[in-house]
Amino acid sequence: SIYLSIYLSKAMFNRYHGRIERSEVKRVLGTSDGNYIVRESVTQIGKYSLSFVFNGEIKHYIIEYKNGKHCIGGKEFDSIYSLCLDGLISLHVQKEAGDYLNKVITMRRMAKGKAPDAPSLETCPIGDSVKDDDVETDGVRLRPKRNKPVRQTFRVSAMFESQVQNLEKTHRFEVHTYFGFPFCSFCKNYMWGLTQQGFKCGDCGFDVHHQCKPEVSASCKPNKRFVTKVFGVDLTTLVLLNSTDNIPSFMHKVIKVLESRGLETEGMYRVNGNFDEVRLYKEQIDSNANPNILVNVDTYVLCSLLKQFLRELPMPLVTYDTYQDFLDAKDAAELDDKIGGMKEAIKKLPESHFHSLKAIILHLCRVQSNSVKNQMTAENLSIVFGPTVFRPETMTTESMVISMSHQKIAVKFLIEHGWRIFR
C-alpha cells in the first residue's frame, strides 16, 4: 500500500503504526497536543486514519493519498506534518472564536431573511472528525445520507422573451491557498490555516470560508480579470460578461459573418477548416487580441471554431437535466405532440442556454434553406451537430452509437421545425 511504503521511510518511521485497533491509539499517542500517527483499519483493509491530540483529546480523521497528496475533507497537503499543523490552527480558532463566528453567520442569515439555524463550526475545516455517535468502524465514518442542495436554474419566464432579465449564476468555487492575510468576503472574518484556507470563485474572485460557502447566494458577477478566455467557459458567464442579443458575443459574430457571406459554401460545417488556422484563431479569440478578427476568416475555419466552442462548453447547449426531455419529445406519436414536447423541454433551459440554442437552431435553419447550393440538408447538419448540441452527462462505449442516433434525430427535428418551435 502507498502508506506502508511512505511511512516506513526513515523520516516517518515513527508516525506510521500499521494495522492497530482504535483502542490502542491512546496508549501510543499519549496526551501531548500535536502528537499524531497514521494507522490502517483492522476491519477494512486499505482504509487509513489520521489520529492526533488536540486540547487533551484524540481526534480521528479518514485520510487518503491521491496524486502525491495527503487528502482530508477536500484539502490536500504535501506532508502529514503540514496537514496536522493546519488542523491544529483551525481547531484552535474554532475553540477560541467558534461562538463569535457562528453569531456572525447567524446575523448574516437573518439579515437575508433566512432561518437563523446557522451552520455549526463543530466541523473542523480540515474535515469531519469521526464522532462517537456516528456509525463507525475503526475510523471509517458511515453517516446517514444527507439531502443534496437543490441546484438552482434560472428559467425563461416567457418562451419568447426578447431580453434576459435578472440573469443570475452560481459561483464557481475552487479550493484556494492564500498568501498574506486573507479575509472572507461573506462574513468579513480572517480565513485561518496555513494552506487551502478557503474557496475562491474562478469567475469573480469572491473568497469564502469553508463553512460560509453553503450560505452564499447565486450572485456571481463575472469579471474579465478572472475570466480570461472564451473557449471552455460556461454560457451564463459569457453572457454576463459580453453578450449581443442575449447570446455570447463570439457566437453572435460568427453567425452574423457566416450568414452574410457563407451560406452558399458547399459542405459548410461538414468540411473541417485548416487545423493550424483554427488553433491560431482560437488563441487570438481567447486573448481578445482583435475584436474584428472574424471578419476575414475562411468560412470553413469559422464553422470549425463555432463547433469547437460548442463542444468545449462545460455544460452542453442542451443541459444534462433536460437531455432526456428532448429525446422523449422526439418519440411522441403526433407531430403536434413532438413540437409541444420540444417547447416544454426548451422552457426548462437556463436563460443563456435557451437564447443560445434558439440562435444556433435558427441559424441552421437558414443554412438548410440553402442546401441546394451548400449541400447541407437537415440530415447532414444533424449528423454534425447531434453530438455537439446534445451530450449526456455519462456515456459508455456501448451506449455511444445508440445515443448518437437519438441525438441526430432530435437535432434534425429541431432544424426542420425550428421556426415553428421558436416563433
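The structure under discussion appears in the preceding block.
Figured I'd write up the structure that's included with this text. In this text, all values refer to a predicted model and were calculated from it rather than measured experimentally.

This next bit is on helix 9 (residues 335–347). Since the α-helix advances by 3.6 residues per turn, residues separated by three or four positions end up pointing in the same direction. Spanning 13 residues, helix 9 covers 19 Å between terminal C-alpha atoms, matching the ideal 18 Å at 1.5 Å per step. Three or more residues of helix 9 are buried, namely Ile339, Met342, Ala345 and Ile346. Taken down its axis, helix 9 places every buried residue within 125° of arc, on the same side. In this structure, the buried side of helix 9 is in contact with helix 8 (323–330), helix 10 (351–369), helix 13 (397–416) and helix 14 (418–422).

What follows concerns the pattern of salt bridges. For the coordinates displayed, the defined rule picks out 15 salt bridges. As a salt-bridge pair, Asp207 and Lys200 come within 2.9 Å of each other at their nearest N and O atoms. Look at Asp207 and you get buried, because its relative accessible area is 14%. A salt bridge links Lys373 to Glu264, with the nearest nitrogen and oxygen atoms 3.5 Å apart. Taken together, the positions of Lys373 in helix 11 (residues 371–374) and Glu264 in the loop between helix 5 (249–261) and helix 6 (275–287) put the pair 109 residues apart, joining distant regions of the chain. Via salt bridges that share partners, Lys169, Arg172, Glu174 and Asp203 belong to a single interconnected network.

A word on the sheet that holds strand 11 (residues 207–208). Taken together, three strands build an open sheet; the order of strands is 9-10-11 and the sheet is antiparallel. On the outer flanks of this sheet lie strand 9 (173–176) and strand 11, each paired with one strand and no other. In the sheet, strand 9 pairs with strand 10 (residues 198–201) via four bridges, with the strands oriented antiparallel. When the sheet's bridge partners are listed, Val175 is paired in strand 10 with Phe199.

Attention now moves to a nonpolar patch on the surface. A contiguous nonpolar surface patch, about 370 Å² in accessible area, is contributed by Phe181, Phe183 and Tyr190. On the secondary structure map, Tyr190 appears in the loop between strand 9 and strand 10.

Let us now look at the environment of Val367. Relative to the helices and strands, Val367 resides in helix 10. For the pair Val367 and Glu259, spaced 108 residues apart in the sequence, the C-alpha separation amounts to 8.1 Å. If we ignore the near neighbours within four places in the chain, the residues touching Val367 are Leu263, Met268, Tyr269, Asn374, Met376 and Leu381.

Take the packing of helix 9 against helix 13 next. One can describe the packing of helix 9 onto helix 13 by two numbers: an axis separation of 11 Å at closest approach and a directional angle of 100°. On the basis of the axis angle, helix 9 is roughly perpendicular to helix 13. On the side of helix 9, the interface is formed by Leu335, Lys338, Ile339 and Met342, while helix 13 contributes Ala410, Phe413 and Leu414. Broken down by class, the residue content of the contact of helix 9 with helix 13 amounts to six nonpolar, no polar and one charged.

Another aspect to go through is unusual backbone geometry. One non-glycine residue with positive phi stands out, namely Asn246, at about 70°. Positioned with a positive phi, Tyr269 is a non-glycine residue whose angle comes to about 75°. Looking at the secondary structure, you find Tyr269 in the loop between helix 5 and helix 6.

Looking now at the pairing of strand 2 (residues 36–40). Here strand 2 lies mainly inside the structure; five of its five residues are buried. Here strand 2 shows a buried face lined by Tyr36, Val38 and Glu40 and a second buried face lined by Ile37 and Arg39. Note that strand 2 and strand 3 (residues 48–54) share five bridges and pair antiparallel. Following the sheet pairing, Ile37 is matched in strand 3 by Ser51.

Quick look at the packing of aromatic side chains now. Under the counting rule described, the total for this entry stands at seven aromatic pairs. Judged by centre distance (4.9 Å) and plane angle (75°), the ring pair of Tyr269 and Phe385 falls under edge-to-face. With Tyr269 in the loop between helix 5 and helix 6 and Phe385 in helix 12 (residues 378–389), this residue pair connects regions lying 116 residues apart in the sequence. According to the relative accessible area criterion, Phe385 is buried, its value standing at 0%.

What counts as what
- Residues numbered from 1 in each chain as written.
- Predicted model: local features only at pLDDT ≥ 70, side-chain atom pairs only at ≥ 80, totals over all residues.
- Heavy atoms only, no water.
- Helix = DSSP H or I, 4+ residues; strand = E, 2+ residues; numbered from the N terminus.
- Expected span 1.5 Å × (residues − 1).
- Buried < 20%, exposed > 50% of the residue type's maximum accessible area, 1.4 Å probe, protein only.
- Arc of directions from axis to C-beta.
- Contact = heavy atoms within 4.5 Å.
- Salt bridge = Lys/Arg side-chain N within 4 Å of Asp/Glu carboxyl O.
- Pairing = 2+ DSSP bridges.
- Patch = residues over 30% accessible without salt bridge, like charges linked within 9 Å, V, L, I, M, F, W, Y side chains within 5 Å.
- Areas by Shrake-Rupley, 256 points an atom, 1.4 Å probe, with all protein chains shown as cover.
- Axes fitted to C-alpha atoms, helices over the stretch in contact; angles between N-to-C directions.
- Parallel < 35°, antiparallel > 145°, perpendicular 65-115°, else oblique.
- Nonpolar A, V, L, I, M, F, W, Y, C, P; charged D, E, K, R; others polar.
- Phe/Tyr/Trp six-rings, centres within 6.5 Å; stacked < 30°, edge-to-face > 60°.

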